[in-house]
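Chain by chain, the residues run as shown.
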Amino acid sequence: MTGLKVELLTDMGAYLGLVTPGIPILGAFMFNAIYKFPAYRFVCTNVFTNKNWTDAYRGAGRPEATFAIERLMDELAAEVGVDPMEIRERNWIKHDEFPFSTVAGLEYDSGNYEAATAKAKELFGYDALRAEQKQRREAGDTVQLGIGISTFTEMCGLAPSRVLGALSYGAGGWEHASIRMLPSGKVEVITGSSAHGQGHETAWSQIVADRLGVSFDDIEVLHGDTQISPRGLDTYGSRSLTVGGMAVIAAADKVIEKAKPIAAHLLEANSDDLEFSAGKFNVKGTNSSVGLTDLALAVFAAHNLPDGAEPSLDAEATFDPDNFSFPHGTHLCAVEVDTETGEAKIRNYTCVDDIGKVVNPLIVEGQVHGGLVQGIAQALFEEAVYDDSGTLVTGSFVDYLVPSAADLPNFTTDRTESPSTTNVLGVKGVGEAGTIASTPAVVNAVVDAVRHLGINDIEMPCSPHRIWTALQTASSGADTPRTKTMVDDDVNPSHNAQVSGTDAGDGSAAAQGSNGQGGLA
Amino acid sequence: MIPAAFDYTAPESVADAITALGSDSEEIKVLAGGQSLIPVLRLRLAAPTLLVDIGRIRELGGITDEGNTLVIGAMTTHAEMADSELVKEHASLLAKAVETVADPQVRHRGTLGGALVHADPAGDLLAPILALDAELVVAGADGERTVAAADFFEDMFTTTVGENEILTRIRIPKHTGWGSHYEKFTRVAQQWSIIAVGVTLKVDGGVISQAKVGLTNMSSTPIRASAVEQALVGQAPTADTASRAAAVAAEGTNPPTDTNGDANYRRHLAKVLTGRAVQAAVSG
Ligand SMILES: Cc1cc2nc3c(=O)[nH]c(=O)nc-3n(C[C@H](O)[C@H](O)[C@H](O)COP(=O)(O)OP(=O)(O)OC[C@H]3O[C@@H](n4cnc5c(N)ncnc54)[C@H](O)[C@@H]3O)c2cc1C
């Protein structure tokens, strides 16, 4: 591959939100993805329209870029006649080439695409599924099998403040934390990276327990209320651990630093002779030690402190990252397409994510699952449909389809571990990985299932109607349009919403039976 | 959203309910399981002044065996029908269709009477009731009248049940020993039918002796696929028969176009699903 040229036309909707036009710009760094493009050009036109306004949504900018490049890799493979995995392997950055400066100007600190891919292929049964696909194609089965690949990476851990400034973003990218050592031996951790379900309370407690050697149960994480936690930015951009978590660590290290001279004073030792481990300051080579929580009580009493010492172990820290975080992974999806109805069903989904070191595997698993569902939903179900006059016709959950557990397979998830070299824990972000990776994996699988029938694109969400229409067009011998809408959606909401009044006048009339007993739902 | 204010009464007999419906409140609505009506009220697509809750009327409940006929009270819930041995044995198509409706919560509240009077063209119980040649008993101030299912549905969300009337029970001729299948096409598990096909048929001596086929959401009301029925009767229950019958499934239909697909696609689906439903009905 010699170059990549992106011309992006994006529909911003009606109003300028927090970062509305910034989202496609964030994507600008990611179209080249894991591949070694010698040349790259990106032109983006953001258009304001009379549709719903847009703003950041899980992944923001990176899903769009990842979708484009991962779909393209499949088309390129088809064009040159090689397996889509092979074309990726030939062009991706090798693990011994890290750190790698990309054509978009980022420095990827670590990664191992080979390892994640090898593991994913094995768990997925890639070769066996390809063999089954071949068999079904030859037999002309009604139900065809497609395999979709997404070897994604993304930039997260937003972000070095300097970079945000260069992008004219309004705020910085730092995060704040403080730690209060209570005389009771309990520890309060105040974080500006406020959790709304991501489990920071657990993860931050684990980190502080490890760092300070106090019990996990004695730690309380406080956040959210600006009277408690006045400084901080946000939980977004998969930044909490790589930025907020580092602020927590920096604050913990300051607590130890503050405690050390006081410990030396109480132990009647020289500061340089102390070592801190498992929650205790120990005079090297002796049994003489004092615990951090005991020190907290002694400092609170303040009866016997070194001259000039501040009677507090509390500390705060603000952390600004030097670089982004670059998680990656190999996602593989097998889809069965019923060529009679156009229905696409996911048979297996396997992903191997490399997010460096992991603090809490269960939380990571939850983030991956939720992200996958969100990305899969975009590929197959969710769509904001507008009519010709710009009226939203999918205005309720009757028409705006959100999948439930019943619509999805069991996911096979696993990890490889290439620690980040830009933070002390070696961690990378994971909050958006699933959303970014899964959409192209699914759409690639759908297209792959019917490619031999003459189809090379299906607009997402790949509804049964769209897939069927593509099949009809292909079998009629007409060229399948490459990227344009293939289905002339003569848009109407489905029966219920039509009644529920996207058009109030009509709607209420339809809702009323002539006998007055009518209604909807 | 919160519904507009309304008065509420919960009579304990059909007679009292009819009296309440005849009262001079401006707009009166019957409330059954509320699974369709309550959303309508909350979206303020309707703002009745009085709700007559028929949920406490004992005589509207129950599934009974009356010789050649199965009688289902209008207030029988979807869940009760799905669990009923009588329904499974004598009207298996209805039992199978009911399992595809919504989720367990909705099935425990929603009623057969409510589903039929609501008459949503995408509702799943209408086509089976039509295919099973049911009769619907409607009570009003002048007593009861019986309406054939074929005459019951007038248009989308519109039936012959008048403003001061109540659907009291559904009489289904027994289809004991008939095979059946309800093939419903949706994009997500919990969704109204994009379209669905209900087939019930009887095989005697290696030949399909009788066949009844109802289509969901292929018109503004549920419809019978008479051409399919004709193509099946007298034929051997083979794949070939199924595909010949399926070929005529879209005859006489007038399906809607919406975000789930256009009319043309629905006509195509009707054929595919009919073929599958016939095959499944033959084997069960
Ligand atoms: C989340 C959800 C999912 C659903 N999914 C499906 C689905 O997949 N398939 C499907 O078919 N349906 C579905 N439904 C609709 C459900 O089946 C309805 O509950 C049912 O159709 C209405 O029954 P009800 O007893 O709740 O009626 P109600 O909501 O109480 O009443 C409906 C209408 O009928 C009138 N009415 C009720 N009973 C009588 C009577 N005995 N005599 C005269 N008038 C009467 C009422 O005045 C009202 O106009 C769904 C509903 C919900 C909430």
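Note that the coordinates shown come from a computational prediction; the quantities given were computed from them, not determined experimentally. (Residues numbered from 1 in each chain as written. Chains lettered and ligands numbered in written order. Predicted model: local features only at pLDDT ≥ 70, side-chain atom pairs only at ≥ 80, totals over all residues. Heavy atoms only, no water.)

*Asks:* What's the story with the overall build of chain A in this structure? I'm lost.
*Replies:* Scanning chain A from N- to C-terminus turns up 14 helices and 15 strands. Oriented by its inertia axes, the alpha-carbon framework of chain A measures out at about 90 × 60 × 40 Å. Looking at chain A residue by residue over its 521 residues, the buried ones come to 53%. In chain A, the share of contacts with a sequence separation of at least 24, taken over all contacts with a separation of at least 6, comes to 73%. Accessible surface, chain A: about 21800 Å² in total, of which carbon and sulfur atoms supply 50%. Within chain A, the 69 negative side-chain charges are centred at a point lying 5 Å from the centre of the 36 positive side-chain charges. (Helix = DSSP H or I, 4+ residues; strand = E, 2+ residues; numbered from the N terminus. Buried < 20%, exposed > 50% of the residue type's maximum accessible area, 1.4 Å probe, protein only. Contact = heavy atoms within 4.5 Å. Areas by Shrake-Rupley, 256 points an atom, 1.4 Å probe, with all protein chains shown as cover. Lys, Arg positive; Asp, Glu negative; His and termini not counted. Charge placed at Lys NZ, Arg CZ, Asp CG, Glu CD.)

*Asks:* Help me understand the packing of helix H7 (residues 200–212) of chain A against helix H8 (residues 240–267) of chain A in this model?
*Replies:* Geometrically, a packed helix pair is captured by the angle between its two axes and the distance between the axes. All names here are of chain A. The interhelical angle for the contact between H7 and H8, taken along N-to-C directions, is 35 degrees, at an axis separation of 10 Å. Handedness of the H7/H8 crossing: right-handed. Judged by residue contacts, His200, Trp204, Ile207, Val208, Arg211 and Leu212 of H7 engage Ser240, Leu241, Gly244, Gly245, Val248, Ile249, Ala252, Asp253, Val255 and Ile256 from H8. Here the residues of the contact of H7 with H8 are counted per class, giving 10 nonpolar, 4 polar and 2 charged. (Axes fitted to C-alpha atoms, helices over the stretch in contact; angles between N-to-C directions. Left-handed = near helix turned anticlockwise from the far one by under 90°. Nonpolar A, V, L, I, M, F, W, Y, C, P; charged D, E, K, R; others polar.)

*Asks:* Before we go on, may I ask you to explain the domain arrangement of chain A in this structure?
*Replies:* Many descriptions give the size of an interface as the accessible area lost when the pieces come together. Residue and element names in this part refer to chain A. Taken domain by domain, chain A holds domain 1 (4–155 + 323–500) and domain 2 (173–319). The C-alpha-based centres of domain 1 and domain 2 are spaced at 41 Å. Contact residues are listed per partner, giving 16 residues for domain 1 and 12 residues for domain 2. Taking both sides of the interface into account, the surface hidden between domain 1 and domain 2 amounts to around 1100 Å²; carbon and sulfur atoms contribute 67%. The three residues of domain 1 that bury the most area against domain 2 are Val359, Ile363 and Leu425, which together make up 39% of that side's buried surface. On the surface where domain 1 and domain 2 come into contact, there are 0 salt bridges. Counting every contact that joins domain 1 to domain 2 gives 4 residue pairs in polar contact (both at pLDDT 80 or more). (Domains from an automatic or database assignment. Buried area = accessible area lost by both parts, 1.4 Å probe. Salt bridge = Lys/Arg side-chain N within 4 Å of Asp/Glu carboxyl O. Polar contact = N/O pair within 3.5 Å; in protein donor to acceptor, adjacent residues only side chain to side chain.)

*Asks:* Any chance you could explain the pattern of salt bridges here in plain terms?
*Replies:* All names here are of chain A. Tallied over the entire structure, the rule returns 43 salt bridges over all chains. Here Lys258 and Glu310 are joined by a salt bridge, their closest N and O atoms 3.1 Å apart. In this pair, Lys258 sits in helix H8 while Glu310 sits in the loop between helix H9 (292–301) and strand E12 (315–319), placing the two residues 52 residues apart along the sequence. On the basis of relative accessibility, which here comes to 49%, the residue Glu310 falls in the partly exposed class. Where Glu383 meets Arg466, a salt bridge forms, and the shortest distance between an N and an O atom there is 2.9 Å. With Glu383 in the loop between helix H10 (361–380) and strand E15 (411–416) and Arg466 in helix H12 (residues 464–475), the pair connects residues that are 83 residues apart, well separated along the chain. Residue Glu383 is classed as partly exposed on the basis of its relative accessible area of 24%. Residues joined by salt bridges that share partners form a network here, namely Arg71, Glu75, Arg451 and Asp457.

*Asks:* What's the story with unusual backbone geometry in this structure? I'm lost.
*Replies:* Excluding glycine, a negative phi dihedral is what most residues carry, and trans is how most peptide bonds are arranged. The residue after Phe98 of chain A, namely Pro99 of chain A, is reached through a cis peptide bond having omega -5 degrees. Of note, Pro99 of chain A is situated in the loop between helix H3 (84–91) and strand E3 (100–101). In this chain, Met460 of chain A is followed by Pro461 of chain A through a cis amide linkage whose omega measures 0 degrees. Residue placement: Pro461 of chain A occurs in the loop between helix H11 (433–450) and H12. Here Arg44 of chain B, not a glycine, exhibits a phi torsion of approximately 55 degrees, which is positive. With respect to the secondary-structure elements, Arg44 of chain B resides in the loop between helix H2 (37–42) and strand E3 (50–53). Taking relative accessible area as the criterion, Arg44 of chain B reaches 49% and is therefore assigned partly exposed.

*Asks:* What should I look at first to understand the packing of aromatic side chains in this one?
*Replies:* The relative placement of two aromatic rings is captured by the distance of their centres and the angle of their planes. Tallied over the entire structure, the rule returns 10 aromatic pairs over all chains. Geometrically, the ring pair formed by Phe397 of chain A and Tyr400 of chain A is edge-to-face, given 6.5 Å between the ring centres and 70 degrees between the ring planes. Ring geometry for Phe152 of chain B against Phe153 of chain B: centres 5.1 Å apart, planes inclined by 85 degrees, an arrangement best described as edge-to-face. Of the two residues examined, Phe152 of chain B and Phe153 of chain B, each falls in the buried class. Through pairs of rings, three or more aromatic residues link up here, namely Trp92, Phe98 and Tyr113 of chain A. (Phe/Tyr/Trp six-rings, centres within 6.5 Å; stacked < 30°, edge-to-face > 60°.)

*Asks:* What should I look at first to understand the sheet that holds E15 of chain A in this one?
*Replies:* Strand pairs in the sheet, formed through backbone hydrogen bonds, run parallel or antiparallel to each other. Residues and elements named next belong to chain A. Read across the sheet, 4 strands follow the order E5-E13-E14-E15 without closing on themselves; strand pairing throughout is mixed. For this open sheet the edge positions go to strand E5 (143–153) and E15, each flanked by a neighbour on one side alone. Neighbour-to-neighbour, the strand axes of this sheet turn through a mean angle of 15 degrees, independent of strand direction. Of the pairings in the sheet, the one linking strand E13 (residues 328–338) to strand E14 (residues 344–354) comprises 10 bridges and is antiparallel in character. Each bridged residue has a counterpart across the sheet, and for Val335 the counterpart in E14 is Ile346. Running over the sheet, helix H4 (residues 113–124) touches E5, E13, E14 and E15 and is turned about 30 degrees from E13. (Pairing = 2+ DSSP bridges.)

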